[in-house]
Amino acid sequence: MRTVEPWQRWLLAGAVGTVLTVGGLTTTVPAQAADEAPTSQTVSADHADEDPVTFEDPALATAVGKAVGATGAVTYGDIRHYQGKQPYVNAVQGNITSLTGLESLQELPAGIGISIQIHLTKGVSLAAFKNLAVSGSLTIVQDGMHDGDLAVLNTIRVLEDPSAYGYRQICLAGENQYRNYGGLTNDDIPQLAPLLTQFANLEHKNVNGAMRFTFANQQLTDFSVFQSYGKIDLLAFGQYQVFWTPVTYIDPETYDPTTPYRFPTQVKGLEGEPIQTSTHVFYNDTGTYVKDGTDALVQGLNKTLNWVILDHQYNNSNYPDLDPIVYADGSTLVADGMQYYALKWEAEPEESSSSTDSSESSESSSTSSSGDSSSSSTTTGGGSGSATTPIDPGTPSTTESSTATSNADSTVTAGSAADQITGAPATTGSVVYAVKPIYLYRNVTFKHRERLAKYVQQPRINRPMFVVKGYARSANGTLRYRVTDVNHRSPTVGKTGYITANQRYTLPVYYQAKHAKITVINPGGVNAYRKADLKGAAVHYRQGTVLKVVGLQQHRLTTRFKLSNGRYVTANRKLVLAGTQATPRALRTKTTLNRYRTANLTGQNGRFAAGKRLSILGWTYSHPNDFGTRGTLRYRVAGGYVTANRKFIQVIQ
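What counts and how
Residues numbered from 1 in each chain as written. Predicted model: local features only at pLDDT ≥ 70, side-chain atom pairs only at ≥ 80, totals over all residues. Heavy atoms only, no water. Helix = DSSP H or I, 4+ residues; strand = E, 2+ residues; numbered from the N terminus. Buried < 20%, exposed > 50% of the residue type's maximum accessible area, 1.4 Å probe, protein only. Salt bridge = Lys/Arg side-chain N within 4 Å of Asp/Glu carboxyl O. Pairing = 2+ DSSP bridges. Core = buried A, V, L, I, M, F, W, Y, C linked by side-chain atoms within 4.5 Å. Right-handed = clockwise from strand over helix to strand, strands pointing away. Phe/Tyr/Trp six-rings, centres within 6.5 Å; stacked < 30°, edge-to-face > 60°. Lys NZ or Arg CZ within 6 Å of the ring centre and 35° of its normal. Contact = heavy atoms within 4.5 Å. Axes fitted to C-alpha atoms, helices over the stretch in contact; angles between N-to-C directions.

Q: Summarise unusual backbone geometry; cite the residues concerned and give the values.
A: In this chain, Thr245 is followed by Pro246 through a cis amide linkage whose omega measures -5°. Position of Pro246 among the secondary structure elements: in strand 9 (residues 232-249). Even without glycine at this site, Leu601 takes up a positive phi of about 60°. Assignment of secondary structure puts Leu601 in the loop between strand 32 (593-596) and strand 33 (604-608). For His623, which is not a glycine, the phi torsion comes out positive at approximately 50°. The topology assignment puts His623 in the loop between strand 35 (618-621) and strand 36 (633-637). Residue classification places His623 among the buried residues on the basis of a relative accessible area of 13%.

In structure tokens form, the structure reads like this:
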């Protein structure tokens, strides 16, 4: 029989005989009772009452049988004619290998919802949860949810139950504490909005008026993604948090183990504020650090490791108790994680202040005008990617992945022949951008240990740019660009090094051929000028405008499109796209939909009911300056931004 670890008891705040500890007093909470006697329900004609329910996992069969009071094998009649308290499905003593049979609980009497706590083997499909009614508590513990079908959880119906005395919570947790390498990320949480909103909107919450959200043992780094759900108690210990940038450089020739090195936290609380709850350092001389605000000052670093690892192990007697962070609205946050901060045991590379042609500054500065004003940390754990990350404090590692992520939503960012390989390498002084994932390296012969920065594949308008300063060839003769990072609002700006010159990965930013028409794709629009230097009086064109082109003109190391009205606009591929691109005009909500102040979906400032038609004023992508996190499409509507996920909206052309 599987033993339930002490930390897991905190997750299992369930409906039947729940043990709670408040202020040092332990009490047993009685089970939930149903609202009223069942009156009607939907009954499938495929099964008679006497037919047994088919289960593939005996442990699940036992848990369901106990929940509905079956005296033998569970039958459909046991479920359809169930009377009593809300059934409590308790399957936490072993990892369930199949949920087949759980779907039969859809035939419970009307008004009856299950309270469930279940441990699942990694990879087990969640499809059986489709359309289930839940009342009181939903607890699913499973590793690898990031790669699972989260959409099915949004079909769960969460019932109001004013007579329930159990501890109400939504719990989606990983199994392996601090080691769930496929756990939920920051970008996954907005995809669960319909389910989380149902729990947050319940009239009957816990004794303190808050709803418990438990997202332990995942990969979360920014807890402000829960800010829109009102007063909550968020339990989020055991996170696996990897921060690839900024890299801390330490020259081994001058290293002094008594010198403290500063590591600013990249973890954010419910209000987006920086928080640091780690209390221990792995593999330094003392295992401790000095806390300066939310920064960690660490001495005695281990020169054999490329990571500084900070941690706190929740509910472990070897670590101090972790006090909750309390917010003005009464919400609380208890969170910790194993945090990996990247090190480079080499002298810090020389930075350059070079930038692009100054005449482009006025137009390029508007590229991010529709973005958010909050800072964004560059993380693997917090993002939506699946890059290889450190897997153990004893053996941190990084390996380069050659898998490219898929292109963005084709409605607004479809590629064209304009992105085809040109054959010739970029000219010295010109600008290139990355169309697939790349790294910036210290030396021309690429080595893992000499990576300076990582750039994941980005949507077109968010792609990272570099000025080509020269060329070199690697030890095996492969051509490289020597470049400077010119992404002005990114932590990597000014870094110099080498990137691939392979045109499957990097291309010139500026078009090199004329096209009959172009579409403005920059969220901030573009300006048109009377002269090719793009100075003087301007006419502004909004995003989505289609312009007729009569020529292409070179201007220094850039190009301009000459329009049919005689004016000139930039030929920067991040700002305009060759051809005519369909731009969505409106959307209709499929579920309750939140509106946010920023494209990162922070700062909720509105909510729309299902079926609401909204005009689309523009579109952008999240995290425009965070090249460790792939941007996600958002639509700009009156008053803010909403998700563009087709699970939650229908686009109207």
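Q: Now, about the pattern of salt bridges: what can you tell me, with residues and values included?
A: Taken as a whole, this structure holds 5 salt bridges when the rule is applied. Between Arg80 and Glu107 there is a salt bridge; the shortest N-O distance is 2.6 Å. Here Glu107 lies in the loop between strand 3 (88-96) and strand 4 (114-120) and Arg80 lies in helix 3 (residues 76-80), a separation of 27 residues in the sequence. Its relative accessible area of 4% is what places Arg80 among the buried residues. Given a relative accessible area of 8%, Glu107 falls into the buried group. A salt bridge links Arg262 to Asp292; its shortest N-O distance comes to 2.9 Å.

Q: Can you tell me about the pairing of strand 19 (residues 451-455), naming the residues and giving the values?
A: Taking burial as the measure, the 5 residues of strand 19 include 5 buried ones, the bulk of the element. Sheet analysis places strand 18 (residues 438-441) next to strand 19, joined by 4 bridges and oriented antiparallel. Each bridged residue has a counterpart across the sheet, and for Leu440 the counterpart in strand 19 is Ala453.

Q: So, the nonpolar core: which residues are in play, and what are the values?
A: Within soluble globular proteins, side chains that are nonpolar tend to cluster in buried spots. Counting 81 residues, the largest nonpolar core has Leu99, Phe129, Phe213, Phe215, Phe223 and Phe226 as its most contacted members. Listed in part, the 42 residues of the second largest apolar core include Tyr433, Val526, Leu614 and Trp619.

Q: Give me the pairing of strand 8 (residues 211-214): which residues, what numbers.
A: Judged by which residues are buried, strand 8 turns out to be covered on both faces: Met211 and Phe213 on one side and Arg212 and Thr214 on the other are all buried. The pairing of strand 7 (residues 169-173) with strand 8 spans 3 bridges and is parallel. The partner of Gln169 across the bridge, within strand 8, is Arg212. Since strand 7 and strand 8 lie parallel, the crossover through helix 4 (residues 193-200) that links them has a hand, and here it is right-handed. Where strand 8 lies against strand 9, 4 bridges are found, and the strand directions are parallel. Counted as the bridge partner of Met211 is Ile232 from strand 9.

Q: Now, about the packing of aromatic side chains: what can you tell me, with residues and values included?
A: Counted according to the given criterion, the structure contains 20 aromatic pairs. Between the aromatic rings of Trp244 and Trp307, the centroid separation amounts to 5.4 Å while the plane-to-plane angle is 75°, which identifies the pairing as edge-to-face. Of this pair, Trp244 sits in strand 9 while Trp307 is found in strand 14 (residues 307-311), placing the two residues 63 residues apart along the sequence. Residue Trp307 is classed as buried on the basis of its relative accessible area of 6%. Taken together, a centroid distance of 6.1 Å and an interplanar angle of 55° make the contact between Phe263 and Tyr341 tilted. Linking Phe263 in strand 10 (residues 261-264) with Tyr341 in strand 16 (residues 332-344), this pair joins segments that are 78 residues apart in sequence. Taking the relative accessible area as the measure of exposure, Phe263 reaches 2% and is therefore buried. Take Tyr341: its relative accessible area is 4%, and that puts it in the buried class. By the ring-pair criterion, three or more aromatic residues cluster together here, those being Tyr181, Tyr240, Trp244, Trp307 and Tyr340. One cation-aromatic arrangement involves Arg480 over Phe446; the distance from NZ or CZ to the ring centre is 3.6 Å.

Q: Could you give an account of helix 4, with specific residues and numbers?
A: Note that an α-helix has 3.6 residues per turn; residues three or four places apart therefore point the same way. Counting buried positions along helix 4 gives 7 out of 8 residues, so the element sits mostly inside the fold. Every buried residue of helix 4 is listed here: Ala193, Pro194, Leu195, Leu196, Thr197, Phe199 and Ala200. Lining the buried residues of helix 4 we find strand 5 (133-141), strand 6 (157-158), strand 7, strand 8, strand 32 and strand 33.

Q: Go over the sheet that holds strand 12 (residues 290-292) with me, naming the residues and quoting the values.
A: Here we have 3 strands laid out as an open sheet, ordered 10-13-12, and antiparallel in their pairing. Each edge of the sheet is formed by a strand with only one pairing partner; in this case those strands are strand 10 and strand 12. Sheet twist, expressed as the mean angle between neighbouring strand axes with direction ignored, is 30°.

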